[in-house]
Amino acid sequence: MPFSLEGFAFFTEAIFLGVYLYGWKRVSPLVHWLSGLIVALSGIFSGIFVVTANAWMNSPAGFKIVDGKIADINPIAAMLNPASFHEVVHMTLAAFVATGFMVAAIHAFFLLRDRGSPFHRAALGLALAVACIFMPLQILSGDVSARAVARLQPAKLAAMEAHYRTEAGAPLVIGGIPDDQTMTTDYALEIPHGLSFLTAHNLNAKVVGLEEFPRDQWPNVRMVHWSFDIMVGSGMLMLGLTLWAGALWVKRRLLPDNRWLLRGLVAAGPLGFLAIETGWMVTELGRQPWIIYGMVRTREAVTPMPGLVVPFVIFTAVYFFLAIIVVFLLRRQFLETRNPVPTQPAEAVHA
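Residues numbered from 1 in each chain as written. Predicted model: local features only at pLDDT ≥ 70, side-chain atom pairs only at ≥ 80, totals over all residues. Heavy atoms only, no water.

(A) Geometry of the packing of aromatic side chains. All told, the structure shown has seven aromatic pairs when counted by the stated rule. Taken together, a centroid distance of 6.0 Å and an interplanar angle of 65° make the contact between Y20 and W24 edge-to-face. For the ring pair Y164 and W218, a centre distance of 5.9 Å and an interplane angle of 50° mean the geometry is tilted. Of this pair, Y164 sits in the loop between α6 (154-160) and β3 (167-168) while W218 is found in the loop between β8 (206-207) and α8 (221-252), placing the two residues 54 residues apart along the sequence. Both residues of the pair, Y164 and W218, belong to the buried class. (Phe/Tyr/Trp six-rings, centres within 6.5 Å; stacked < 30°, edge-to-face > 60°. Helix = DSSP H or I, 4+ residues; strand = E, 2+ residues; numbered from the N terminus. Buried < 20%, exposed > 50% of the residue type's maximum accessible area, 1.4 Å probe, protein only.)

Following this line, the structure appears as structure tokens:
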């Protein structure tokens, strides 16, 4: 059901995006603004429905298995599974953070070339407001998510932290090279009691290690751990930039346009999307070898249908083509907004 609802949200978003982009000077300002608001809301709901489906794969609910058959199906309970809340909040905030930083990077780049541009200053201010509001909230949601994963998917958490052995007062492992054979992580930075505090807000809490699970139920520890570190590292860098921008604003009560801050924002433009992609790698790789956690293995869900490479290549090519069109249209829209055509006659403009 979440994917069916996502289809409605997607088409609503697509319809009103068309109204928004091609409705300039064709609809009233109020209708134009409302169409943009509907695009934003339908986009948010589209993401929520997709994430609830993924959350169900991580924490299946809303049914029973009786004599080997599925019974008592409850679609609402399936959508509102134990993992849905923290996943939806974390992903929705991540989308706002990534968008805020990418938009801020674009306008910071142009402000470095033209510090007096009112368009880029206004756009940067809006993007920075989004980034500065949602980034701290994202850090809080990450804390909630970590404790939920510790409760619902302890093997995934152990892989995220390269935590092989069950212990109380477990350290937080940053970086390093996990070795499944020796169950150690070489060259890592360890923060004493950090993992216990992260998962239970207790410095001496017991944290389950990978040794508690059969080897054939271990995910790829290196990939999950490194992906998690990249996601968290990207988040910390963006948090630092938001704190820097916030401090400059509090000090001067003006748009923070320090040249080094602008350069940092340009460099940080891709970090939000890097964090999202590595976060999804943590979610998906960390669930392995299960496609539905604890119930169906991924290898059991692989289709035996031959010839799938053909539609896969075709769909990939179509999406690349659509991506080129999107970049072209957004660039044209951006340039038209930045350099609006004068509505007055040329003589009046010269006068």
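(B) Quick peek at the packing of helix α2 (residues 29-58) against helix α4 (residues 84-113). Between α2 and α4, whose axes approach to 9 Å, the crossing angle comes to 140°. Taken together, α2 and α4 sit at an angle that is classed as oblique. The element α2 and its partner α4 pack so that their crossing is right-handed. Between α2, through I44, I48, V51, T52, N54, A55 and N58, and α4, the contact on the second element is made entirely by S84, E87, V88, M91, T92 and F96. Taken together, the residues of the contact of α2 with α4 sort by class into seven nonpolar, five polar and one charged. (Axes fitted to C-alpha atoms, helices over the stretch in contact; angles between N-to-C directions. Parallel < 35°, antiparallel > 145°, perpendicular 65-115°, else oblique. Left-handed = near helix turned anticlockwise from the far one by under 90°. Contact = heavy atoms within 4.5 Å. Nonpolar A, V, L, I, M, F, W, Y, C, P; charged D, E, K, R; others polar.)

(C) Quick peek at a nonpolar patch on the surface. Judged by side-chain polarity, V309, V310, F312, V313, I314, F315, V318, Y319, F321, L322 and I325 come together as a nonpolar surface patch covering roughly 1,100 Å² of accessible area. Turning to its location among the elements, I325 is positioned in helix α12 (residues 309-338). (Patch = residues over 30% accessible without salt bridge, like charges linked within 9 Å, V, L, I, M, F, W, Y side chains within 5 Å. Areas by Shrake-Rupley, 256 points an atom, 1.4 Å probe, with all protein chains shown as cover. Salt bridge = Lys/Arg side-chain N within 4 Å of Asp/Glu carboxyl O.)

(D) Focus on the layout of surface pockets. A volume near 2,500 Å³ is recorded for the largest pocket. Together, 50 residues line the largest pocket, and L17, V39, T99, V103 and L330 are the ones closest to its centre. Counting residues per element, the lining of the largest pocket draws most heavily on α2, which supplies 12 residues. Every residue lining the second largest pocket is counted, 41 residues in all, and those nearest its centre are H90, G142, F228, M231 and V232. Going through the elements one at a time, α2, α4, α5 (118-152), α6, β4 (172-174), α8 and α10 (271-287) are the ones with two or more residues in the lining of the second largest pocket. Per element, the largest residue contribution to the lining of the second largest pocket is nine residues, and it comes from α5. Here the residues of the lining of the second largest pocket are counted per class, giving 24 nonpolar, 12 polar and five charged. (1 Å grid on protein atoms, 1.4 Å probe; cavity = no way out; pocket = protein on both sides within 12 Å on 5 of 7 lines; lining within 4 Å. Points joined across faces, edges and corners; volume = space filled by probe spheres on them.)

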